[in-house]
Amino acid sequence: MATKQQANWSPYDNNGGTCVAIAGADYCVIAADTRMSTGYSILTRDYSKISKLADKCVMASSGFQADVKALQKNLAARHLIYQHQHNKQMSCPAMAQLLSNTLYYKRFFPYYAFNVLGGLDNEGKGCVFTYDAVGSYERVGYSSQGSGSTLIMPVLDNQLKSPSPLLLPAVDAVTPLSESEAVDMVKDVFASAAERDIYTGDKVEIVIVNAGGIRREYTDLRKD
Amino acid sequence: MFRNQYDTDVTTWSPAGRLFQVEYAMEAVKQGSAAIGLRSKSHVVLASVNKANSELSSHQRKIFKVDDHIGVAIAGLTADGRVLSRYLRSECINYSFVYESPLPVGRLVVQLADKAQVCTQRSWKRPYGVGLLVAGLDESGAHLYYNCPSGNYFEYQAFAIGSRSQAAKTYLERKFETFANCSREDLIRDALFAIKETLQGEKLTSSICTVAILGIGEPFQIIDQQTIQQLIDSLEIREEAGEPSAAMQEDRSPEAAPMEI
């Protein structure tokens, strides 16, 4: 029996890494580790997976960083066009829809990118949108994507999960945490993920979006 | 220019070697409301007179940001100007995407000129009816270009286009040698003076003009109305300070009259 023909080359590579985002009442925290790997090797310990798409909108993406870079450039160009036409910045929900459309556009040769989008919505409340590789997205109170997401997500669920969405009246999606509590939570979950996930480590880059603008912090992680 | 048998389409030469359709397109630029540009070593200022169709309508936008380091002011068919601005913006975005650096102005104006030339050599097209003053910054400093409907482009220290632009050009010709080392504020003041010349008596207020500036370390921005009004007011104060001396000269002239006989 003839065996099925297999590809001898893949257009994709997985550079690993983990991304997390948490939405608050008037802030949003977006974080990602700075390790870039391939196979069992480290390519660099100092790579940013986070990109500022608009004034109040930040995206963190894990997966194949070449595709991530192309996606970021694409969105930045589309944002410029929007600003020329509308004379204002794109809102976070608008950018969320644009990202979804951009991903689905390549439904049959996808961007190997696992994204979390975070920022402030039109009312100034924190918002987080989580995506799969082909653009399926949902607004949530918190999310994680990437190699460490299976380790981080259950912890966030335990700490932050709002009661059942079947409850009426509907409960707010944002967390009751303060900004500094959310940042501490992010540091803790990354430290935990770095313990067992070999692709997560080196440093965490934490970006905080609030009414005052955008702030950036770094914390060290295990380097092994 | 009179109606003649060689001006029906752009692909017909006249016996004198002229393309009348292209020249008529340049007429459209002369009929539009004024736009001026001037540059120093480090900054370029664009200013335009905003005509409104009636008191009820809003003013037309004639100055467009193309990129952080490039802006344009237009005169003529503003619809054509909008379309060309969209083209210029698109070119800048595409260049930045590929080369991760800003498109040099000199290249952009050549692309624009070539695009205009195409419309002078196709029987199914018409020339763009708009003149563009392109202000831009690149590694060699600040630049100001003028792109015609004919597909020609020229670099200028200062220039004015549109109706009554000759008055502004006369003013600019008098003062252009001082522009190179002008301060940012003086450059804006000179632009406002030039605009004033085109108004010929009409009062200059911030609601009928738009001023934009770009320079080294300063991305393109349209200056807000309040700042412009303050500058206009300060210009008028300077002018009033100049009036007493003019009045004194008038007093002296009756004394001069007997000698003239």
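Residues numbered from 1 in each chain as written. Chains lettered and ligands numbered in written order. Predicted model: local features only at pLDDT ≥ 70, side-chain atom pairs only at ≥ 80, totals over all residues. Heavy atoms only, no water.

> Looking at this model, I keep getting lost on the overall build of chain A. Mind explaining?
Each helix and strand counted, chain A has four helices and twelve strands in total. A compact globule built from 224 residues would reach a C-alpha radius of gyration of about 17 Å, and chain A, at 18 Å, matches this within 12%. Its C-alpha atoms give chain A principal-axis dimensions of about 60 × 45 × 35 Å. Here chain A holds 224 residues, and 47% of them are scored as buried. Across chain A, every contact between residues at least 6 apart in sequence was considered, and the portion connecting residues at least 24 apart equals 63%. Total accessible area on chain A stands at roughly 11,500 Å², and carbon and sulfur atoms take up 53% of it. Between the mean site of the 22 positive side-chain charges and the mean site of the 23 negative ones, chain A shows a separation of 7 Å. (Helix = DSSP H or I, 4+ residues; strand = E, 2+ residues; numbered from the N terminus. Rg over C-alpha atoms; globule rule 2.2 N^0.38 Å. Buried < 20%, exposed > 50% of the residue type's maximum accessible area, 1.4 Å probe, protein only. Contact = heavy atoms within 4.5 Å. Areas by Shrake-Rupley, 256 points an atom, 1.4 Å probe, with all protein chains shown as cover. Lys, Arg positive; Asp, Glu negative; His and termini not counted. Charge placed at Lys NZ, Arg CZ, Asp CG, Glu CD.)

> Looking at this structure, how should I read the packing of helix H3 (residues 149–160) of chain A against helix H4 (residues 179–196) of chain A?
Residues and elements named next belong to chain A. Axis separation between H3 and H4 bottoms out at 9 Å; the angle between their running directions is 145°. Read as a crossing pair, H3 and H4 show a hand that is right-handed. The residues of H4 that touch H3, namely those facing Leu151, Ile152, Val155, Leu156, Gln159 and Leu160, are Met185, Val189, Ala193 and Arg196. Of the residues in the contact of H3 with H4, the class split is eight nonpolar, one polar and one charged. (Axes fitted to C-alpha atoms, helices over the stretch in contact; angles between N-to-C directions. Left-handed = near helix turned anticlockwise from the far one by under 90°. Nonpolar A, V, L, I, M, F, W, Y, C, P; charged D, E, K, R; others polar.)

> In this structure, what is going on with the pattern of salt bridges? I would like to understand it.
Side chains bearing opposite charge may pair, as long as their charged atoms lie close to each other. Residues and elements named next belong to chain A. Counted under the stated rule, the structure contains 23 salt bridges over all chains. The residue Arg139 makes a salt bridge to Asp121 at a minimum N-O spacing of 3.2 Å. Taken together, the residues span a long stretch of sequence, with Arg139 in strand E9 (residues 137–140) and Asp121 in the loop between strand E7 (113–120) and strand E8 (126–131) at a distance of 18 residues. A residue is classified by how much of its surface remains accessible, and Arg139, at 38% relative accessible area, is partly exposed. A salt bridge links Glu217 to Arg215; the shortest N-O distance between them is 3.2 Å. Residue Arg215 is classed as partly exposed on the basis of its relative accessible area of 35%. (Salt bridge = Lys/Arg side-chain N within 4 Å of Asp/Glu carboxyl O.)

> Hey, could you run me through the packing of aromatic side chains in this one?
The description of an aromatic ring pair rests on the distance of the ring centres and on the angle between the ring planes. On inspection of all chains with the given rule, the structure shows 13 aromatic pairs over all chains. With a centroid separation of 6.0 Å and 50° between ring planes, the pair formed by Phe129 of chain A and Tyr137 of chain A is classed as tilted. The exposure class assigned to Phe129 of chain A is buried, which follows from its relative accessible area of 5%. On the basis of relative accessibility, which here comes to 29%, the residue Tyr137 of chain A falls in the partly exposed class. With centroids separated by 6.3 Å and ring planes inclined at 55°, the aromatic side chains of Tyr145 of chain B and Tyr153 of chain B adopt a geometry described as tilted. (Phe/Tyr/Trp six-rings, centres within 6.5 Å; stacked < 30°, edge-to-face > 60°.)

> Is there a simple way to think about the sheet that holds strand E12 (residues 213–220) of chain A in this case?
Strands pair in a sheet through their backbones, by hydrogen bonds, and they do so in one of two ways: parallel or antiparallel. All names here are of chain A. With antiparallel pairing, the five strands of this open sheet are ordered in space as E10-E1-E2-E11-E12. Two strands in the sheet have a free side with no partner beyond their single neighbour: strand E10 (142–146) and E12. Averaged over all adjacent pairs, the angle separating strand axes in this sheet is 15°, with direction ignored. Across five bridges, strand E1 (residues 18–23) lies against strand E2 (residues 27–33) in antiparallel orientation. (Pairing = 2+ DSSP bridges.)

> What exactly am I supposed to notice about the sheet that holds strand E8 (residues 158–161) of chain B here?
Residue and element names in this part refer to chain B. Taken in spatial order, the five strands make up an open sheet running E8-E1-E2-E9-E10, and their pairing is antiparallel. Edge positions in the open sheet fall to E8 and strand E10 (218–222), since each of these has one partner strand only. With direction set aside, neighbouring strand axes in the sheet form an average angle of 10°. In this structure, strand E1 (residues 35–39) lies alongside strand E2 (residues 43–49), joined through five bridges in antiparallel fashion. Within the sheet, the bridge partner assigned to Leu38 lies in E2 and is Val45. Strand contacts of helix H5 (residues 184–199): E1, E2, strand E9 (209–215) and E10, with the helix running at about 25° to E2, the strand carrying the most contacts.

> Help me understand unusual backbone geometry, please; the structure alone is not making it clear to me.
Negative phi characterises most residues that are not glycine, and trans characterises most peptide bonds. Non-glycine residue Asp202 of chain A carries a positive phi angle of around 75°. Mapped onto the elements of the fold, Asp202 of chain A is located in the loop between H4 and strand E11 (203–210).

> Is there a simple way to think about the side chain of Thr78 of chain B in this case?
Residue and element names in this part refer to chain B. With respect to the helices and strands, Thr78 occurs in helix H2 (residues 78–99). Looking at Thr78, the relative accessible area reads 12%, which means it is buried. Not counting chain neighbours up to four residues away, the residues in contact with Thr78 comprise Gln60 and Lys62.

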